[in-house]
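Reading the structure
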Amino acid sequence: MSLLKHYFNGLETAIRAEFYVSLRTFGSKLIVLAPALVVVMQYLIIKLQETSAQARDSLLGRNSFDAAVAENAYGYFVDGLSTGLTMLGLLLVAQAAYSFSYERDVGAVRHLLIRRISRPSLIIAKLFHIHVLAILSLLLLMAVSYICSGWFWEFGPIVEDGFELISEAEIREEIGLGLQLAIVPIPPAIAFGLLISVSAHSTTQAITTALGITLAIDIFKSTLGDFSHYLYATFQPSLLDQSYLQDVSRIVRGFSDVLVDERVQQLNWWVPWPALLIFLCLALVIVQRRKL
């Protein structure tokens, strides 16, 4: 017990220091606000495009879309969540890679160590702090996406020729599942950024390496076949999205050709957690060996 206490000595002080700095830096505010602001801009652009298209079709006397499906807010709500989570994932990886490496470069880590804060406590404190930022950003993203999509469009079941294809209860259930599956890969993404942060020799190297590897995995995951299902990043909303949230976007629009593989969903639930433990353990081992 005393050994464990020594290992995580000063954890509370380290956490307080993280939040003290967080409240006074732009980067933390950017993580919380940016995904929601980007989604608002996305909705405004889509609405302007739709209004322009409807005006053009009205002048030409034609109807080129199914209004019941096109104006259903649930599809846009999921699109907003997907866009916001994609941006949030990249921001969190960058912030995690920046956090320890920057403080090491400017000498702040040495100052904390002098105050009897252990190296593992620094890593755990940063992991906890970035997770709190992720939760705040996610809550704001969900609220803004729901309010704005409901303002521009109308929530309701998918109805075609008077027949209800998907009820609102089913739509909400699918969105809830898709959102949960999209959130699960976030913790290992943060831990990966921290691992790069303690391994790199400079802040610039840490950020470029973390984002570069993240984007490289996103690009090449489609070429890995079934093996990609054992990578946590496969289940995370991204620029080349293969997450279940992308399927949900089509399901809530009434597409019937979406194939749901329960085995892949189970992997989505379980694969990220071993990745989180591996990245965190490696970061704790490396930070003990690094010269600060």
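Keep in mind that what you see is a predicted model, and the values were worked out from it rather than measured.

1. Some points on the nonpolar core
The biggest cluster of nonpolar side chains holds 72 residues, and the ones touching the most others in it are Leu-85, Leu-92, Ile-123, Ile-175 and Ile-190. Looking at this core element by element, the count peaks at 14 residues for helix α5 (residues 73–106). Leave out the neighbours within four places in its chain, and Ile-123 touches Phe-100, Leu-194, Val-198, Leu-280, Ala-283, Leu-284 and Val-287.

2. Observations regarding helix α12 (residues 262–270)
All of the buried residues along α12 are Gln-265, Leu-267 and Asn-268. End-on view of α12: buried residues confined to an arc of 160°, all on one side of the axis. In α12, the exposed residues that point more than 90 degrees away from the buried face are Glu-262 and Trp-270. Buried residues along α12 sit in contact with α8 (168–183), α11 (244–251) and α13 (272–289).

3. Overview of the confidence of the model for the protein chain
Within the protein chain, residue pLDDT values average 87, and 92% of them lie at 70 or more. Per-element confidence in the protein chain is highest for helix α9 (residues 186–199), whose mean pLDDT is 96, and lowest for helix α4 (residues 67–70), whose mean pLDDT is 51.

4. Some thoughts on the packing of aromatic side chains
All chains considered together, the criterion is met by eleven aromatic pairs. Where Tyr-43 meets Trp-153, the ring centres are 5.6 Å apart and the plane angle is 75°; that geometry is what we call edge-to-face. Within this pair, whereas Tyr-43 is found in helix α3 (residues 26–60), its partner Trp-153 is found in the loop between α7 (119–152) and β1 (158–160), the two being separated by 110 residues in sequence. The exposure class assigned to Tyr-43 is buried, which follows from its relative accessible area of 1%. Feature note: the residues Tyr-43, Tyr-76, Trp-151, Phe-152 and Trp-153 constitute an aromatic cluster, connected by ring pairs. Against the face of Tyr-20 rests Arg-24, its NZ or CZ located 3.8 Å from the ring centre. Here Arg-253 stacks its cationic end above the ring of Tyr-76, 5.4 Å away from the centre of that ring.

5. Re the packing of helix α2 (residues 11–22) against α7
Two numbers describe how α2 lies on α7: the axes approach to 8 Å, and their chain directions differ by 45°. Taken together, the axes of α2 and α7 are oblique relative to one another. Like other packed secondary-structure pairs, α2 and α7 cross with a definite hand, here right-handed. Packed against α2, whose contacting residues are Leu-11, Ala-14, Ile-15, Glu-18, Phe-19 and Ser-22, the element α7 presents Ser-121, Leu-122, Ile-124, Ala-125, Lys-126, Phe-128, His-129, Val-132 and Leu-133 at the interface. Its residues placed into classes, the contact of α2 with α7 shows ten nonpolar, three polar and two charged.

6. Topic: a nonpolar patch on the surface
Judged by side-chain polarity, Leu-215, Ile-219, Phe-220, Leu-239 and Leu-240 come together as a nonpolar surface patch covering roughly 510 Å² of accessible area. Its place among the elements puts Leu-239 in the loop between α10 (203–220) and α11. With relative accessibility at 61%, the residue Leu-239 sits in the exposed group.

Reading the values: rules and limits
Residues numbered from 1 in each chain as written. Predicted model: local features only at pLDDT ≥ 70, side-chain atom pairs only at ≥ 80, totals over all residues. Heavy atoms only, no water. Core = buried A, V, L, I, M, F, W, Y, C linked by side-chain atoms within 4.5 Å. Buried < 20%, exposed > 50% of the residue type's maximum accessible area, 1.4 Å probe, protein only. Helix = DSSP H or I, 4+ residues; strand = E, 2+ residues; numbered from the N terminus. Contact = heavy atoms within 4.5 Å. Arc of directions from axis to C-beta. pLDDT = per-residue confidence, 0-100. Phe/Tyr/Trp six-rings, centres within 6.5 Å; stacked < 30°, edge-to-face > 60°. Lys NZ or Arg CZ within 6 Å of the ring centre and 35° of its normal. Axes fitted to C-alpha atoms, helices over the stretch in contact; angles between N-to-C directions. Parallel < 35°, antiparallel > 145°, perpendicular 65-115°, else oblique. Left-handed = near helix turned anticlockwise from the far one by under 90°. Nonpolar A, V, L, I, M, F, W, Y, C, P; charged D, E, K, R; others polar. Patch = residues over 30% accessible without salt bridge, like charges linked within 9 Å, V, L, I, M, F, W, Y side chains within 5 Å. Areas by Shrake-Rupley, 256 points an atom, 1.4 Å probe, with all protein chains shown as cover. Salt bridge = Lys/Arg side-chain N within 4 Å of Asp/Glu carboxyl O.

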